[in-house]
Amino acid sequence: MVIACKHVWAHISDYLDQTLPPDVLEQVQKHLEHCEICSAILDSTRNILILTADERVFELPLGFSERLHARLEEEIKGLAP
Amino acid sequence: MATELRDESRMIASIVAGDAQLFHELIRPYERRVYAMALSFLHNEADAEDAAQEAFLKAFRNLASFRSEAKFGTWLTSIALNEARSRIRRRDAIRMESLDEPQEDGEQASPALLRDWKEIPSEALERKEVRLMLQKAIIALPLIYREVFRLRDIEQLSVHEAAQALGITISSVKVRLHRARMMLQKKLAPQLKEVAPKRRRWAW
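No experiment lies behind these values; they were computed from the predicted model shown.

Reading the values: the criteria
Residues numbered from 1 in each chain as written. Chains lettered and ligands numbered in written order. Predicted model: local features only at pLDDT ≥ 70, side-chain atom pairs only at ≥ 80, totals over all residues. Helix = DSSP H or I, 4+ residues; strand = E, 2+ residues; numbered from the N terminus. Rg over C-alpha atoms; globule rule 2.2 N^0.38 Å. Buried ≥ 20, exposed ≤ 12 C-beta atoms within 10 Å, placed from the backbone. Axes fitted to C-alpha atoms, helices over the stretch in contact; angles between N-to-C directions. Parallel < 35°, antiparallel > 145°, perpendicular 65-115°, else oblique. Left-handed = near helix turned anticlockwise from the far one by under 90°. Contact = placed C-beta atoms within 7 Å. Nonpolar A, V, L, I, M, F, W, Y, C, P; charged D, E, K, R; others polar. Domains from an automatic or database assignment. Core = buried A, V, L, I, M, F, W, Y, C linked by C-beta atoms within 7 Å. Expected span 1.5 Å × (residues − 1). Arc of directions from axis to C-beta. pLDDT = per-residue confidence, 0-100.

Draft legend 1. Quick peek at the overall build of chain A. The helix and strand tally for chain A stands at 4 helices and 0 strands. Listing each helix as α and each strand as β along chain A from the N terminus yields α-α-α-α. The C-alpha atoms of chain A give 23 Å as radius of gyration, which overshoots the globular expectation for 81 residues (12 Å, by more than 25%). Residue burial in chain A is summarised as follows: out of 81 residues, 23% are buried.

Next up, the structure:
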C-alpha cells in the first residue's frame, strides 16, 4: 500500500522511537526510500533531537555548583545537633 | 555512565543514617540536569538557579521518604519538575499561560519542508548563537509539550516514567511528544539550515 507524505509525518515520532508496528514500519520505510522531502524531515527531526539533548545547550551558570553546595552545607549544618 | 557504577541506594542509606555530607557527592552528577530542567520552564537563569537549589534542598529534606524501587535520578527529576511547575503557576497566575495552550486533538502538526537538509554537526553547539537558538525554541513550546519533551528527549525518561512523573496517560505522552518534536522541527530546521557549515564557498 502506498501512503501519502502526510501519513508519514504522523509516524515520524514513533519511527524515531522504533515503536511502529511492523506493517506500518514497512510502509513508512518504502515511502522514505523515494521521498526526499520526508527523508529530509526525518533527518532534520532526528538531528534536532540529538542537538537539543546535548548538555551544552543548557550550560550551568558560572559558580552555580559552589553556590548550591554552600547552601546545602548551611542546611546540613543547621540539622546537626 | 558513572552514575550507574555508584551505589546510590547505599549512599542514600548512609545519608539517612546520619552521614549528611555524602549528599554533596550524591547529587553532583545531577546538577546540570536539575538546572536545565528548571531553566527550560522558568526562562531566566536566576529563577532557574533558585528553583534548582530549592529542589535539591527538598530532596535532601525528604530523602528518608525516597523508595529505592525508583531511580534516585528519576525521583529527583520529579521534585525538580514539581518545583518548576509550582513556580510557573505562582508567576503566571496573572498571565494565564494555560489559555494559550493549544488542544491536543487539534489539526495535525505539519513539518518544515526542506529538500536539501544537511545534518548540523554537534560542533555547531560550540557557537553560543546556536545554543541560544535551541534553548529559545524549547522554552517557546507550550508548557504541556515542553514538559514531555524535556522528560523524554532530554532527561531520557521512558514513556512510562514520563507518564508517571506528569500524571498523564502513556498515549498522551506519545501524542504530546510527537507534537513537540514536530513543532521544534518546524521552527528549528529552517534556522539550523542557515547555520550549516558553508565550506564550499571558500573551497579554493
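Draft legend 2. Region of the structure containing the packing of helix α8 (residues 143-154) of chain B against helix α9 (residues 159-166) of chain B. All names here are of chain B. The contact between α8 and α9 brings their axes to 9 Å, and the two run at 140 degrees. Looking at the two axes, α8 sits oblique to α9. For the element pair α8 and α9, the recorded crossing hand is right-handed. Of the residues in α9, those touching α8 at E147, V148, L151 and R152 are A162, A165 and L166. Across the contact of α8 with α9, the residue classes tally to 5 nonpolar, no polar and 2 charged.

Draft legend 3. Focus on the domain arrangement of chain B. All names here are of chain B. On domain assignment, one finds that chain B holds domain 1 (2-94) and domain 2 (115-196). Relative to domain 2, the C-alpha centre of domain 1 lies at a distance of 22 Å. Domain 1 puts 9 residues into the contact, and the matching count from domain 2 is 10 residues. Only α4 (31-42) and α6 (72-91) provide two or more residues apiece to the side of domain 1 that touches domain 2.

Draft legend 4. Representation of the nonpolar core. Residues and elements named next belong to chain B. One finds V34, A38, A52 and A80 to be the most contacted residues of the largest nonpolar core, which totals 66 residues. Element by element, the count of residues in this core is highest for helix α10 (residues 170-195), at 9 residues. Residues from two domains meet in this core; each of domain 1 (2-94) and domain 2 (115-196) gives at least three. Setting aside anything within four residues of it in sequence, one finds A52 in contact with V34, Y35, A38 and A80.

Draft legend 5. Main features of helix α7 (residues 128-139) of chain B. For α7 of chain B, with 12 residues, the first-to-last C-alpha span of 16 Å sits near the 16 Å given by 1.5 Å per residue. When we look at burial in α7 of chain B, the residues that qualify are V130, M133, L134 and I138 of chain B. On an axial view of α7 of chain B, the arc spanned by its buried residues comes to 125 degrees, and they lie on one face. Facing away from the buried surface of α7 of chain B by more than 90 degrees, the exposed residues are K128, E129 and L132 of chain B. On its buried side, α7 of chain B packs onto α3 (36-52) of chain A together with α4, α8 and α10 of chain B.

Draft legend 6. View of the interface of chain B and chain A. Every contact between the two is made by 40 residues of chain B and, on the other side, 33 residues of chain A. Contributions of two or more residues to the side of chain B that touches chain A are made by α3 (22-27), α4, α5 (45-61), α7, α8 and α10 of chain B. Broken down by element, the residue count for the side of chain B that touches chain A peaks at 7 residues, all from α10 of chain B.

Draft legend 7. Representation of the environment of E119 of chain B in the model. Within the fold, E119 of chain B resides in the loop between α6 and α7. Residues E119 of chain B and A189 of chain B lie 70 residues apart in sequence; the distance between their C-alpha atoms is 9.9 Å. Discounting chain neighbours no more than four positions away, the residues touching E119 of chain B are D43 and N47 of chain A.

Draft legend 8. Highlighting the environment of V173 of chain B. All names here are of chain B. Among the secondary structure elements, V173 is positioned in helix α10. A count of 24 C-beta atoms within 10 Å places V173 in the buried class. Along the sequence, V173 and L151 sit 22 residues apart, while their C-alpha atoms lie 9.9 Å from each other. Contact partners of V173, with chain neighbours within four places excluded, come to V148, V159, A162, A163 and I168.

Draft legend 9. The arrangement of the confidence of the model for chain B in detail. Residue and element names in this part refer to chain B. For chain B, per-residue confidence averages 84 on the pLDDT scale, and 85% of positions sit at 70 or higher. Per-residue pLDDT, averaged within each element of chain B, yields its smallest value for helix α1 (residues 2-5) (54) and its largest for α3 (96). Scored by ipTM, the complex comes to 0.86, with pTM at 0.80.

Draft legend 10. Examining unusual backbone geometry more closely. Although it is not a glycine, Q18 of chain A adopts a positive phi angle of roughly 55 degrees. With respect to the element layout, Q18 of chain A can be found in the loop between α1 (5-16) and α2 (22-34). One non-glycine residue, Q156 of chain B, adopts positive backbone phi at about 60 degrees. Residue Q156 of chain B is classed as exposed on the basis of its C-beta count, with 12 C-beta atoms lying within 10 Å.

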